[in-house]
Amino acid sequence: MHLLSATTGLVLVNGVSYGLLLFMLSSGLTLIFSMLGVLNFAHASFYMLGAYFAYAMTSIVGFWSALVIAPLIVGIAGAVFERAVLRRLRSRGALAELLATFGLAYVVVELVQLAWGRGPVDYAVPAALEGVLVPVAGIAVPAYRLFLMGLACAIALLVWIAFRATRAGLILQAALSQPAMTQALGYDVPLLYTGVFACGAALAALAGAAGGNVLVTEPGMAATVGSVVFVVVVVGGLGSLGGAFAASLLIGLLQTWAVTSDATLAQWWSPAVGEVTGFTAAITQVIAPVLHLSVAQLAPAVPYLLMVAVLLWRPRGLFGVREG
């Protein structure tokens, strides 16, 4: 029983920490879509840049300084891209902006491969937290995972306060609903858009800088996480920070549970003896190869299955506030 409790506890800790890392990444994408109406296909590339920049600077300024500097650099790069490219394309519609971010994602991958190669880099956990275990409810939890969870919760709180309880946040909400009126009142709405895009890029880079040493830092990391982040935003509801938070935790917990599960689909397909008809037997024979798959093998598909289920039940997502 103690072993079962410890295993369940580790699944919960790993699932929550992974989910909170997804939220750090998806919160920036949610902010950008809320303000600009752009689904930024290069968002995961900013996440990758954050990991690589932090890795490169750790040997120079140390991990903790790199954790601050890397997101700032990526945020500035995001501001330059929004001002130089997206602003010029805004009059041509959302499709032109989407294609521009799509192209940027490919450019970033190529630049990363030229600079750091095609293989993974040795981006390690900071020495102060490496191998340190902290007892939580009788479970030994890696200290760095606790740090990630605390950082993600702090980011969630700061973003919520900044957007809901400050003058700047109120101006941003006004620019979202009434951009022309906000501009008439003397506020520079295009500059607000640039600032939001830069903040979204910086949040993605912070997720990469903080999580790149737990996950693998390599050129394919943007493609690996990018699709899951879009699932988070869709499941939570386009434009909803609260929805992104809930969806991130839900996906993190479900996927972590699936990875550690030893169950097979055959265990869930056992018709009662009285229900075994010719049709049931035929169906069983057709899907027999699938029934041999384990839940762990299907773990990568869990976020997408959840997205399909949520969209069938609630097309706007869990807490959707804006039409897609």
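Residues numbered from 1 in each chain as written. Predicted model: local features only at pLDDT ≥ 70, side-chain atom pairs only at ≥ 80, totals over all residues. Heavy atoms only, no water.

Draft legend 1. Representation of a nonpolar patch on the surface. Judged by side-chain polarity, F41, F102 and Y106 come together as a nonpolar surface patch covering roughly 310 Å² of accessible area. Of note, Y106 is situated in helix α4 (residues 94-116). Residue Y106 is classed as exposed on the basis of its relative accessible area, which comes to 52%. (Patch = residues over 30% accessible without salt bridge, like charges linked within 9 Å, V, L, I, M, F, W, Y side chains within 5 Å. Areas by Shrake-Rupley, 256 points an atom, 1.4 Å probe, with all protein chains shown as cover. Salt bridge = Lys/Arg side-chain N within 4 Å of Asp/Glu carboxyl O. Helix = DSSP H or I, 4+ residues; strand = E, 2+ residues; numbered from the N terminus. Buried < 20%, exposed > 50% of the residue type's maximum accessible area, 1.4 Å probe, protein only.)

Draft legend 2. Geometry of the packing of helix α10 (residues 241-260) against helix α13 (residues 302-313). Contact geometry for α10 and α13: axes closest at 9 Å, N-to-C directions at 130°. Comparing the axis directions of α10 and α13 gives the class oblique. Of the two elements, α10 crosses α13, and the hand of that crossing is right-handed. The segment α10 lies against α13, with L250, I251, L254, Q255 and A258 engaging V302, P303 and L306. Taken together, the residues of the contact of α10 with α13 sort by class into 7 nonpolar, 1 polar and no charged. (Axes fitted to C-alpha atoms, helices over the stretch in contact; angles between N-to-C directions. Parallel < 35°, antiparallel > 145°, perpendicular 65-115°, else oblique. Left-handed = near helix turned anticlockwise from the far one by under 90°. Contact = heavy atoms within 4.5 Å. Nonpolar A, V, L, I, M, F, W, Y, C, P; charged D, E, K, R; others polar.)

Draft legend 3. The packing of helix α2 (residues 43-61) against helix α9 (residues 221-236), seen in detail. Orientation of α2 relative to α9, taken along the N-to-C sense of each, is 135°, at an axis distance of 8 Å. Here α2 is positioned oblique relative to α9, judged by the angle of their axes. In this structure, α2 meets α9 at a crossing whose hand is right-handed. Residues A44, S45, Y47, M48, A51 and Y52 of α2 pack against M221, A222, V225 and G226 of α9. When the residues that make up the contact of α2 with α9 are grouped by side-chain class, the tally is 8 nonpolar, 2 polar and no charged.

Draft legend 4. Highlighting the side chain of S248. Along the chain, S248 falls in helix α10. Non-local contacts of S248, meaning those with residues more than four positions away in its chain, are made with G19, L22, F23, S26 and V232.

Draft legend 5. Representation of the pattern of salt bridges. Under the criterion given, the structure shown has 2 salt bridges. The partner of E82 in a salt bridge is R90, with the nearest N and O atoms 2.7 Å apart. In this structure R90 comes out as partly exposed when scored by relative accessible area, which is 25%. Residues E97 and R90 are paired through a salt bridge, measuring 3.2 Å at the closest nitrogen-oxygen approach. Via salt bridges that share partners, E82, R90 and E97 belong to a single interconnected network.

Draft legend 6. Here's a closer look at the pairing of strand β2 (residues 139-142). Only one face of β2 is buried, namely the one carrying I139 and V141, since none of A140 and P142 on the opposite face is buried. Of the strand pairs in this sheet, strand β1 (residues 133-136) and β2 are connected by 4 bridges, and their pairing is antiparallel. Note that in β2 the partner of V136 across the bridge is I139. (Pairing = 2+ DSSP bridges.)

Draft legend 7. Fine view of the confidence of the model for the protein chain. For the protein chain, mean pLDDT is 83; residues scoring 70 or higher make up 86% of the total. Element-level pLDDT for the protein chain is lowest in helix α11 (residues 278-286), with a mean of 58, against a maximum mean of 94 in α2. (pLDDT = per-residue confidence, 0-100.)

Draft legend 8. Main features of the packing of aromatic side chains. Taken as a whole, this structure holds 14 aromatic pairs when the rule is applied. Both rings, one in F63 and one in W64, keep their centres 4.9 Å apart while their planes meet at 80°; by these two values the pair is edge-to-face. Judged by its relative accessible area of 42%, W64 falls in the partly exposed class. When the ring of F63 is compared with that of Y144, the centres are 6.1 Å apart and the planes differ by 65°; the resulting orientation is edge-to-face. Of the two residues, F63 is situated in helix α3 (residues 63-89) and Y144 in helix α5 (residues 143-164); the sequence distance between them amounts to 81 residues. Under the relative-accessibility criterion, Y144 is labelled buried at 3%. Among the aromatic residues, ring-to-ring pairing joins Y55, F63, W64, Y123, Y144 and F147 into one connected group. (Phe/Tyr/Trp six-rings, centres within 6.5 Å; stacked < 30°, edge-to-face > 60°.)

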